[in-house]
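Results of the structural survey
Each chain, written out:
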Amino acid sequence: MSFFKRMTRSKKKSAQSAKERLQLVLTHDRTDMTPAQLDALKDELIEVISRHIDIDPDAVNIDIAREGREQRLIADIPLKANARRRGR
Amino acid sequence: MSEIITITSGKGGVGKTTAIASLGIALASRGQKVVCVDGDIGLRNLDVIMGLENRIVYDIVDVVEGRCRLRQAMIRDKRLPGLFLIPAAQTRDKMAVSPSDMMRLGDELRHEVDWVLIDSPAGIERGFKNAIAPADRVLVLTNPEISAVRDADRVIGILEAEEKGTPSLILNRVNPGMVKRQEMLSPDDVLDLLAIDLIGVVPEDQSVLIAANRGAPIALDKESRAGQAFHNIAARLMGEDIPFMDLEEKGGLWSRISKFAGRN
Ligand SMILES: Nc1ncnc2c1ncn2[C@@H]1O[C@H](COP(=O)(O)OP(=O)(O)O)[C@@H](O)[C@H]1O
Ligand SMILES: [Mg+2]
């Protein structure tokens, strides 16, 4: 771990840690989905979409967002520049 | 047009019984007729917190099983006109009462009083189900503490799934100094995480334990900060628009949380 990272981590207030940890835990409690299951979902989505259109798997961002007590699955999937022309 | 209110939390030891006793006192001191019902069968506690333990003859199971009339089980609190307690049974377990028994009891109590306040046991099993069954409104009580907030979220989810409506939040045992030093979740943080309406913030206050020692609910001590907080919650239950307490110096944390009150 870099010196800078160590510095900022030790300075983080415990209330902030509690809040960040709770945000994750509550998301998983509410959706009944573990981070591993979310990763599996992401891999499968990438595979399906890649069959139709060119995407960069590393640029795909799939996450669960909180909106009040609602949870939503947000997928941000940038297309490769020439994907449209090359379409299969 | 009486109202049945249940306080629940998931986690134990967060202050439900303290809150029920003090809201009973606060509503009764506003001229309301109130009965506090101890729903924690087998772990009776509301009686000692209210200081009425020596006056118990009948309990909630006696009522449900027809061994006494409803009014015989309603212990009158002599400190205030119109305040009563129905104690839990100590030697029975939660299965002695069903959610439909509680609905029937609640409907009978509506004829007797303006407010029925039900103290729920910890957990999400039978005792909790019994306590929420007759409720018109549920208040979830929690502490600014990681496990208590997580359990509160779980309970809120169950209440929504059971179509009990979205509950309101009482945040108890807030230590303003620790919040200021960012060593405790702030009311803002907890509201952001749980995303429900706030009905009260109660500070950490040593007088709560002293009040419990004496069997004189903290709301009887209007000088205490916690007591004031419970009086404010009672006023909000009655529909008054009471600003959230300013526990800190001007302009700090407590004025910021008042913006959440506007969401009600
Ligand atoms: N605002 C407060 N400040 C200080 N102590 C509190 C406060 N609220 C509750 N307590 C203490 O917390 C403990 C648990 O309270 P209790 O009402 O019995 O919780 P529960 O009914 O949720 O199990 C008691 O010792 C009580 O005195
Ligand atoms: Mg209790």
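Preceding this section is the structure that the text describes.
Position numbers for residues count from 1 along each chain, tracking the sequence in the order it is written. Following the order in which they are written, the chains are lettered starting with A and the ligands numbered starting with 1. Reporting in this predicted model follows two pLDDT cut-offs: at least 70 for local features of residues, and 80 or more for side-chain atom pairs to be given and counted; totals over whole chains, interfaces and linings ignore these cut-offs and use all residues. The side-chain values count all of the structure's non-hydrogen atoms but skip hydrogen atoms and water molecules.

Numbering of helices and strands starts at the N terminus; helices are DSSP runs of H or I of at least 4 residues and strands are runs of E of at least 2. Along its length, chain A carries four helices and two strands. The secondary structure elements of chain A, listed N-terminal to C-terminal, are α-α-α-β-β-α. In chain A, buried positions account for 17% of the 88 residues. Contact definition: two residues touch when any of their heavy atoms are within 4.5 Å. Pairs at least 24 residues apart make up 45% of the contacts formed inside chain A by residues separated by at least 6 positions. The cut-offs for exposure are 20% and 50% of the maximum accessible area for each residue type, with area from a 1.4 Å probe on protein chains only; residues under the lower value are buried, those over the upper are exposed, and the others partly exposed.

The next point concerns the interface of chain A and chain B. Between chain A and chain B, the contact holds 15 residues from the first and 18 residues from the second. Note on chain A versus chain B: buried area summed over both sides is about 1,500 Å², and carbon and sulfur give 57% of it. Between Lys or Arg on one side and Asp or Glu on the other, a salt bridge is scored when a side-chain nitrogen of the former is within 4 Å of a carboxyl oxygen of the latter. Seen at the junction of chain A and chain B, the total is seven salt bridges. Residue E160 of chain B pairs with R69 of chain A through a salt bridge whose shortest N-O separation is 3.3 Å. Polar contacts, as used here, are pairs of N or O atoms within 3.5 Å; protein pairs need one atom able to donate a hydrogen and one able to accept it. Residues neighboring in sequence count only if both atoms are side-chain atoms. Joining chain A to chain B, the criterion identifies ten residue pairs in polar contact (both at pLDDT 80 or more). For the side of chain A that touches chain B, the element with the highest residue contribution is helix α2 (residues 14-31) of chain A, accounting for eleven residues. Residue type decides the class: Asp, Glu, Lys and Arg count as charged, Ala, Val, Leu, Ile, Met, Phe, Trp, Tyr, Cys and Pro as nonpolar, and the leftover types, Gly among them, as polar. The residue makeup of the side of chain A that touches chain B, split by class, is five nonpolar, three polar and seven charged. Here's the idea: put two parts together, see how much 1.4 Å probe accessible area each one loses, and the total over both is what we call buried area.

Our focus in this paragraph is the packing of α2 of chain A against helix α9 (residues 187-194) of chain B. The axes are straight lines fitted to the C-alpha atoms, using for helices just the contacting stretch, and the angles between their N-to-C directions are given from 0 to 180°. Contact geometry of α2 of chain A with α9 of chain B gives a least axis separation of 10 Å together with a crossing angle of 20°. Judged on the interaxial angle alone, α9 of chain B and α2 of chain A are roughly parallel. Crossing hand, α2 of chain A versus α9 of chain B: right-handed. Facing K19, L22, Q23, L26 and R30 of chain A of α2 of chain A, the residues of α9 of chain B in contact are D189, D192, L193 and L194 of chain B. Each residue belonging to the contact of α2 of chain A with α9 of chain B can be placed in one class, and the counts come to four nonpolar, one polar and four charged. Angles are sorted into four bins: roughly parallel if under 35 degrees, roughly antiparallel if over 145, roughly perpendicular if 65 to 115, and oblique for all others. Throughout, a crossing is termed right-handed when the near helix is turned clockwise from the far one, and left-handed when it is turned anticlockwise from it by less than a right angle.

As a further point, take the nonpolar core. Residues and elements named next belong to chain B. Judged by nonpolar contacts, the single largest core of 40 residues is most densely connected at L117 and L237. With eight residues, the single largest contributor to this core is helix α1 (residues 16-28). Sequence-distant contacts of L117, defined by excluding residues within four places in its chain, comprise I5, I20, L23, G24, L27, V34, V35, C36 and V37. Core analysis: the second largest hydrophobic core is formed by 28 residues, V174, V190, V201 and F244 among them. For this analysis, a nonpolar core means a set of buried residues of the types Ala, Val, Leu, Ile, Met, Phe, Trp, Tyr and Cys, connected via side-chain atoms within 4.5 Å.

Take the packing of aromatic side chains next. Between two aromatic rings, the relevant description is the distance of the centres plus the angle of the planes. Note on aromatic pairs: the rings of Phe, Tyr and Trp (six-membered ring only in Trp) are paired at centre separations within 6.5 Å, and the planes decide the class, stacked below 30 degrees, edge-to-face beyond 60, tilted for the rest. Following the criterion strictly, the structure yields zero aromatic pairs over all chains and no others. Taking NZ or CZ as reference, R236 of chain B lies 4.1 Å from the ring centre of F244 of chain B, over its face. Criterion for a charge above a ring: Arg CZ or Lys NZ at most 6 Å from the ring centre, at most 35 degrees from the ring normal.

Take the site of ligand 1 next. All names here are of chain B. The nearness test applies per residue and asks whether one of its heavy atoms lies within 4 Å of the molecule or strand. As a matter of local geometry, ligand 1 sits amid 13 residues, with G13, K16, T17, T18 and N172 nearest to it. T17 places a side-chain nitrogen or oxygen 2.8 Å from an oxygen atom of ligand 1. Take T18: an N or O atom from its side chain is 2.6 Å from an oxygen atom of ligand 1. Only the protein chains shown count as cover for residues, with accessible areas throughout obtained via the Shrake-Rupley method and a probe of 1.4 Å. Computed on the free molecule, ligand 1 has an accessible area of 560 Å², of which 79% lies beneath the protein chains in the complex. Contributions of two or more residues to the shell around ligand 1 are made by α1, β7 (168-174) and β8 (197-203). Here the element with the most residues in the shell around ligand 1 is α1; it accounts for three residues.

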